[in-house]
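# Coordinate analysis (summary)
As a plain string of letters, each chain reads:
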Amino acid sequence: MFGSSMAVVGLPLVAVGVLHSPTFVVGILQACAWLPWLVIGLPAGAWVDRLAKRPVMLACDLVSCVLFVSVPLAAWAGVLTITQLAVVALLGGIANVFFSTAFGPYLRTLVPAQDRTEANAKIEGSSSAGQVAGPGLGGLAAQAFGAVSALFVNGITFAVSAFCLTRIRSVEPRPAPRHERTTSLRSEIAEGVKFVIRDPYLRVVTLYAGLANFGDAMMEAVVIVFLVHSVGVGAGTAGGLMAAISLGGIVGTLLAVRIGRTLGTARGALLCTLIASPFTLLMVLTNQGVGMAFFVVGGMVYLMGIGAANVMFMSFSQTYVPADLVGRNSATSSLVIRGSMPLGALAGAAIGQWYGARMALLASAVIITLSVLVLFIGPIRRKRDFPMALATAD
């Protein structure tokens, strides 16, 4: 997450500052990173359910390392092109699909059900810590040494991630041998899709997250352009602002367990998203000087609420979904949740190109704010806690 957060700043800054790309091209890069979720998300879930999870994650780390290190090497050799950036974003996105799809099922083999909320809170907290340091260092490195330096460190962090995975001593349960499987890949994919569509909790959470992530992707596609061109700050300041708002994510994940115990997991997640999402509207008011406080306060409160809600949503899913459907549930949900992101990135890029980055930021904030209304459909609004087992007729 540390390296990936540097790439959030590094790739757009390379495109804008080194290759002088327009807003729409920057949005295309973001779309390339998320497009694999839309194209291979479903089969990836079925494939992962058939494979040992840690080898998949190790392979994805090593591929990502090579990809991101190739960018600064090409830049230093004077042969870097926007095409290479797009290919790196696309292939890195494919690796991210398989890594993320394997991650949830692998965590489930390591941590018992009663400890998963705490485990998710700690993992989300460490991820948020990486998100704080990554953009700040990425922006400062871009300002001091050039934007491509951040991407070199980004590549190395994937190698560190792979090393950490090799240090896990827990023995992973073996997947069923190929000759013992009685279903086809297509039928397994269909089973995962039907499971999410028919379940009243998963259906609502998936639709909400898909719409919210559409808005988030719109914001990601233009936020660096907005800060650098519209507000007029330097690369280091832009990275510092991104790091500052990520502090909210750390606080939110640290509070998630307490919020869940005090308010209930379903009610807590609903209130966190309902209160935090409108704060994104403040970010649109960002200007030079004291006006940058709008960006920090708006982004920090938003990420605080979403960070806490995400811990509760993830813990619910990992406990609620049957073990043999975890990978396919993750893939089906991700098809909507993350598959919406390339569409959002393209929408943000188009609005930013035609009407300006500030208008694109406003559109994304409105979508994020309205997305919470989806959570009021179905049983979640009537529950204190998410169920620990499959839902019955509600």
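You'll find the structure just up there.
Below or above, wherever it landed, is the structure these notes cover. No experiment lies behind these values; they were computed from the predicted model shown. (Residues numbered from 1 in each chain as written. Predicted model: local features only at pLDDT ≥ 70, side-chain atom pairs only at ≥ 80, totals over all residues. Heavy atoms only, no water.)

### A word on the overall build of the chain
Each helix and strand counted, the chain has 15 helices and 0 strands in total. Counting only residues that meet the buried cut, the chain has 53% of its 394 residues in that class. The long-range fraction of contacts in the chain, counting pairs at least 24 apart against all pairs at least 6 apart in sequence, stands at 88%. (Helix = DSSP H or I, 4+ residues; strand = E, 2+ residues; numbered from the N terminus. Buried < 20%, exposed > 50% of the residue type's maximum accessible area, 1.4 Å probe, protein only. Contact = heavy atoms within 4.5 Å.)

### A few points about helix α14 (residues 340-355)
Because an α-helix packs 3.6 residues into every turn, residues spaced three or four apart end up facing the same way. In this model α14 runs 22 Å from its N-terminal to its C-terminal C-alpha over 16 residues, within 8% of the 22 Å that 1.5 Å per residue would give. The complete set of buried residues in α14 reads Ser340, Met341, Pro342, Gly344, Ala345, Gly348, Ala349, Ala350 and Gly352. Phi turns positive, to about 105 degrees, at glycine 356, one or two residues after α14. (Expected span 1.5 Å × (residues − 1).)

### A look at the packing of helix α10 (residues 265-276) against helix α12 (residues 292-320)
One can describe the packing of α10 onto α12 by two numbers: an axis separation of 8 Å at closest approach and a directional angle of 160 degrees. When the axis of α10 is compared with that of α12, the two are roughly antiparallel. The interaxial crossing formed by α10 with α12 has left-handed handedness. Here Thr265, Gly268, Ala269, Cys272, Thr273 and Ala276 of α10 lie close against α12, whose contacting residues are Val301, Tyr302, Gly305, Ile306, Ala308, Ala309, Met312 and Phe313. Taken together, the residues of the contact of α10 with α12 sort by class into 10 nonpolar, 4 polar and no charged. (Axes fitted to C-alpha atoms, helices over the stretch in contact; angles between N-to-C directions. Parallel < 35°, antiparallel > 145°, perpendicular 65-115°, else oblique. Left-handed = near helix turned anticlockwise from the far one by under 90°. Nonpolar A, V, L, I, M, F, W, Y, C, P; charged D, E, K, R; others polar.)

### As for the packing of helix α8 (residues 200-231) against α14
Contact pair α8 / α14: the axes reach a minimum separation of 7 Å and the direction vectors enclose 45 degrees. Put simply, α8 runs oblique to α14. Read as a crossing pair, α8 and α14 show a hand that is right-handed. Across the interface between the two elements, Gly210, Asn213, Phe214, Ala217, Met218, Glu220, Ala221 and Val222 from α8 touch Ser340, Met341, Leu343, Gly344, Ala345, Ala347, Gly348, Ala349 and Ile351 from α14.

### Some points on the packing of aromatic side chains
Two descriptors summarise a pair of aromatic rings, namely the distance from one centre to the other and the angle between the planes of the rings. The tally for this structure, following the rule as stated, stands at 9 aromatic pairs. Measuring from ring centre to ring centre gives 5.9 Å for tryptophan 76 and phenylalanine 152, while their planes differ by 45 degrees; the resulting arrangement is tilted. Of this pair, tryptophan 76 sits in helix α3 (residues 53-76) while phenylalanine 152 sits in helix α6 (residues 147-166); the two residues are 76 residues apart in sequence, bridging distant segments of the chain. Taking relative accessible area as the criterion, tryptophan 76 reaches 53% and is therefore assigned exposed. The structure contains a cluster of three or more aromatic residues connected by ring pairs, namely Tyr201, Tyr208, Phe313, Phe316, Tyr320 and Phe386. (Phe/Tyr/Trp six-rings, centres within 6.5 Å; stacked < 30°, edge-to-face > 60°.)

### As for the side chain of aspartate 199
With respect to the helices and strands, the residue aspartate 199 is situated in the loop between α7 (185-198) and α8. Despite its burial, aspartate 199 pairs with no opposite charge; the closest candidate is arginine 203, at 7.0 Å N-O. In this structure the side chain of aspartate 199 is engaged in a polar contact, spanning 3.0 Å, whose partner is the backbone nitrogen of tyrosine 201. Side chain to side chain, aspartate 199 and tyrosine 320 meet in a polar contact 2.3 Å long. (Lys, Arg positive; Asp, Glu negative; His and termini not counted. Salt bridge = Lys/Arg side-chain N within 4 Å of Asp/Glu carboxyl O. Polar contact = N/O pair within 3.5 Å; in protein donor to acceptor, adjacent residues only side chain to side chain.)

Remember that the coordinates give geometry; whether it matters functionally is a separate question.
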